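Residue-level listing of the chains:
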Amino acid sequence: MQTGMHTDTERCVRAVRSKDARFDGWFFTAVLTTGIYCRPSCPVVPPKPENMTFHPSAAACQQAGFRACKRCRPDTSPGSPEWNERADLTARAMRLIADGVVDREGVPGLAARLGYSTRQIERQLLAELGAGPLALARAQRAQTARLLIETTPLPMADIAFAAGFASVRTFNDTVREVFALAPSELRARRTRKDGPSGTPELRPPGASEAGPAGSLGGALTLRLPFRTPLNPDNLFGHLAATAVPGVEEWRDGAYRRTLRLPYGHGVVALTPTPDHIACRLALTDLRDLTVAISRCRRLLDLDADPTAVDDQLRTDPLLAPLVDKAPGRRVPRTVDEAEFAVRAVLGQQVSTAAARTHAARLVTAHGDPVHDPEGGLTHLFPSAEALAEVDPDTLAMPRTRRATFTTLVRHLADGSLSLGVETDWAETRARLLALPGFGPWTADVIAMRALGDPDAFLPTDLGIRRAARDLGLPSTPAALTARASAWRPWRAYAVQYLWATDSHPINFLPV
């Protein structure tokens, strides 16, 4: 069992006294004298150490009877980076909870996806996080409810069901218990705080009523927090340079794309700013809000701990100048693991432009159409089930790659291969390598960008080998892998710094 930072009382006290925002999401401070819990960077005067206790999750604080601080809003902290760094049972469970699985399938569904009994899941989460899966999902529902209360004019009953509550009564009771305010008081408090021309932390959209089934409602505008520093160049540059026409685009300083979600679909626009990512979401069903936010955070790697990553990579004297020049690089990931795997196969041994062309043809022929009143998005990326019906002879690619493509989509469609957030990284990589046409590069790029393995490495990638040669690093795959062992467990981030030595468009923020 992992031991969380919350058990190191002395370190936690130092973080609270220094109001160190780097530790927001790592742990939460419960104040015995006030009955509230805060993030480490709370702006109020720190309490005495004897009046502080530390918890690994907001849910654990709520379970212990503490209410969320109205000043620092601990429920809006970045997520713990542990769930992106680890592939054990607890981390996989937390990724599934963030993706809304407990709300949709219950704890039995969560356990079935992980291959454990409900009792084992509950015991493991309670031991490490101080709360079981239901309490963790409840804390997430409360956060979503607060977001909708403060940023939309939706009726409270609509908010209750959109946030995942089974009844309005449960919604009211939970909001009062967590925030010490009734839902209507939360909305009134935000209105009073903003005033007629104020700018709230989460800006109210111009319109936010959901449209009829199958149509996009008015957009929600919110801020996605992250731990600084964050270098947007390679992150948004990569997404824009590889964007599939119809599914993705760069428009007016934002990366925009369509989203396939459990209850419907959506369109998101993500804009980098110095202290947050501006997120504008339009959804056909508001019940998808929590999942959409979770997937956008995952896409941009927003729960990473850049200080830990960069400090480790700086220990290599040849990497240190790259890190010092542009710290805070993230790994561009995906909102749909199966989609990325398909695109990785389409990109085997071809240029970025050619890969986009192949993907665009599939989108036009087999993607589900969507209406985008704000831009040029036209389709959802085709599902694995739709692609499994494609006639291989219609694919303009070599015969061996056609076989790789059809094998992949068949396994994805019938469920014999899963690439979801619950997967074990090492086991899934091995299963990918067992498929025909899957070499180390394809398996490792999927592990890095779809599975989210922070230690995935691409020693056979031509760009990596070229950067290694120019920097004086070993350039043969075996020798480079041996040298890269010192970069563990952050080799996927080292890949971003090595790629950034090239003049390829993926390394530059679009203008």
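Above this text sits the structure in question.
The sections below set out a description of the structure shown in this document.

Rules and cut-offs
Residues numbered from 1 in each chain as written. Predicted model: local features only at pLDDT ≥ 70, side-chain atom pairs only at ≥ 80, totals over all residues. Heavy atoms only, no water. Pairing = 2+ DSSP bridges. Helix = DSSP H or I, 4+ residues; strand = E, 2+ residues; numbered from the N terminus. Axes fitted to C-alpha atoms, helices over the stretch in contact; angles between N-to-C directions. Polar contact = N/O pair within 3.5 Å; in protein donor to acceptor, adjacent residues only side chain to side chain. Contact = heavy atoms within 4.5 Å. Phe/Tyr/Trp six-rings, centres within 6.5 Å; stacked < 30°, edge-to-face > 60°. Buried < 20%, exposed > 50% of the residue type's maximum accessible area, 1.4 Å probe, protein only. Lys NZ or Arg CZ within 6 Å of the ring centre and 35° of its normal. Salt bridge = Lys/Arg side-chain N within 4 Å of Asp/Glu carboxyl O. Core = buried A, V, L, I, M, F, W, Y, C linked by side-chain atoms within 4.5 Å. Disulfide = S-S within 2.5 Å.

## Let's talk about the sheet that holds strand β8 (residues 265-272)
So, step 1. Here we have 5 strands laid out as an open sheet, ordered β5-β9-β8-β7-β6, and antiparallel in their pairing. What marks the edges here is a single partner per strand, and that holds for β5 (220-224) and β6 (248-251). For this sheet, the mean angle separating the axes of adjacent strands, direction not counted, is 25°.
So, step 2. Examined bridge by bridge, β5 and strand β9 (residues 277-283) share 5 bridges and lie antiparallel to one another.

## What to know about the side chain of R39
So, step 1. When you line up the elements, R39 lands in the loop between β2 (36-38) and β3 (52-55).
So, step 2. Looking at R39, its side chain comes within polar contact range of the main-chain oxygen of R73, at 3.1 Å.
So, step 3. If near-sequence neighbours (up to four positions away) are discounted, R39 is found in contact with D24, C72, R73, P74, T76 and S77.

## Observations regarding the packing of aromatic side chains
For any two aromatic rings, the description comes down to two numbers: the centre-to-centre distance and the angle of the planes.
So, step 1. If you walk through the whole model with that rule in mind, you get 6 aromatic pairs.
So, step 2. Seen from their ring centres, F457 and W487 are 6.0 Å apart, and the 80° between their planes marks the pair as edge-to-face. Pair noted here: F457 is in the loop between α20 (440-451) and α21 (462-471) and W487 is in the loop between α22 (477-484) and α23 (491-499), with a separation of 30 residues, a long-range link.
So, step 3. Taking the relative accessible area as the measure of exposure, F457 reaches 4% and is therefore buried.
So, step 4. Using a relative accessible area of 0% as the deciding quantity, one classes W487 as buried.
So, step 5. Cation over ring: R141 sits above F165, and NZ or CZ is 5.5 Å from the ring centre.
So, step 6. One Lys or Arg, R287, reaches over the ring of Y263 and ends 3.9 Å from the middle of that ring.

## Re the pattern of salt bridges
So, step 1. Evaluated as defined, the whole model comprises 34 salt bridges.
So, step 2. A salt bridge links R113 to E105; the nearest nitrogen and oxygen atoms lie 2.7 Å apart.
So, step 3. Residue R113 is classed as partly exposed on the basis of its relative accessible area of 35%.
So, step 4. The exposure class assigned to E105 is partly exposed, which follows from its relative accessible area of 35%.
So, step 5. The closest approach of N and O atoms between D311 and R314, which form a salt bridge, is 3.4 Å.
So, step 6. In this structure, a network of salt bridges that share partners links the residues R73, D75, R146 and E150.

## A look at the side chain of R256
So, step 1. Along the polypeptide, R256 turns up in strand β7 (residues 254-260).
So, step 2. Given the relative accessible area of 4%, R256 is considered buried.
So, step 3. Side-chain polar atoms of R256 contact the side chain of E249, separated by 2.6 Å.
So, step 4. Of the polar contacts made by the side chain of R256, one reaches the side chain of D372; its length is 2.9 Å.
So, step 5. Not counting residues up to four positions away in its chain, the partners in contact with R256 are V247, E248, E249, R251, V267, V268, A269, D372, E374, G375, G376 and L377.

## What about unusual backbone geometry?
So, step 1. With an omega dihedral of 0°, the bond running from T228 to P229 counts as a cis peptide bond.
So, step 2. Positive phi values are uncommon outside glycine, yet R73 reaches one of about 50°.
So, step 3. We note that A180 has phi near 60°; this positive angle belongs to a residue other than glycine.
So, step 4. Tracing the sequence through the fold places A180 in the loop between α9 (168-179) and α10 (183-194).

## Quick notes on the environment of T33
So, step 1. As for its placement among the helices and strands, T33 is situated in the loop between β1 (28-31) and β2.
So, step 2. In this structure, the C-alpha to C-alpha distance between T33 and A403, residues 370 residues apart in sequence, is 65 Å.

## Points about the nonpolar core
So, step 1. Among the nonpolar cores identified, the biggest contains 61 residues, and L313, V342, F405, L408, I446, M448 and W487 are the most heavily contacted of them.
So, step 2. For L313, the residues in contact, after removing those within four places along its chain, are L319, A320, V323, W487, W490, Y493, A494 and Y497.

## Notes on the state of the cysteines
So, step 1. In total, this model carries 0 disulfides according to the counting rule given.
So, step 2. Left unpaired, C72 is separated from the closest cysteine sulfur, that of C42, by 3.8 Å.
So, step 3. Relative accessible area serves as the criterion here: at 8%, C72 is assigned to the buried category.

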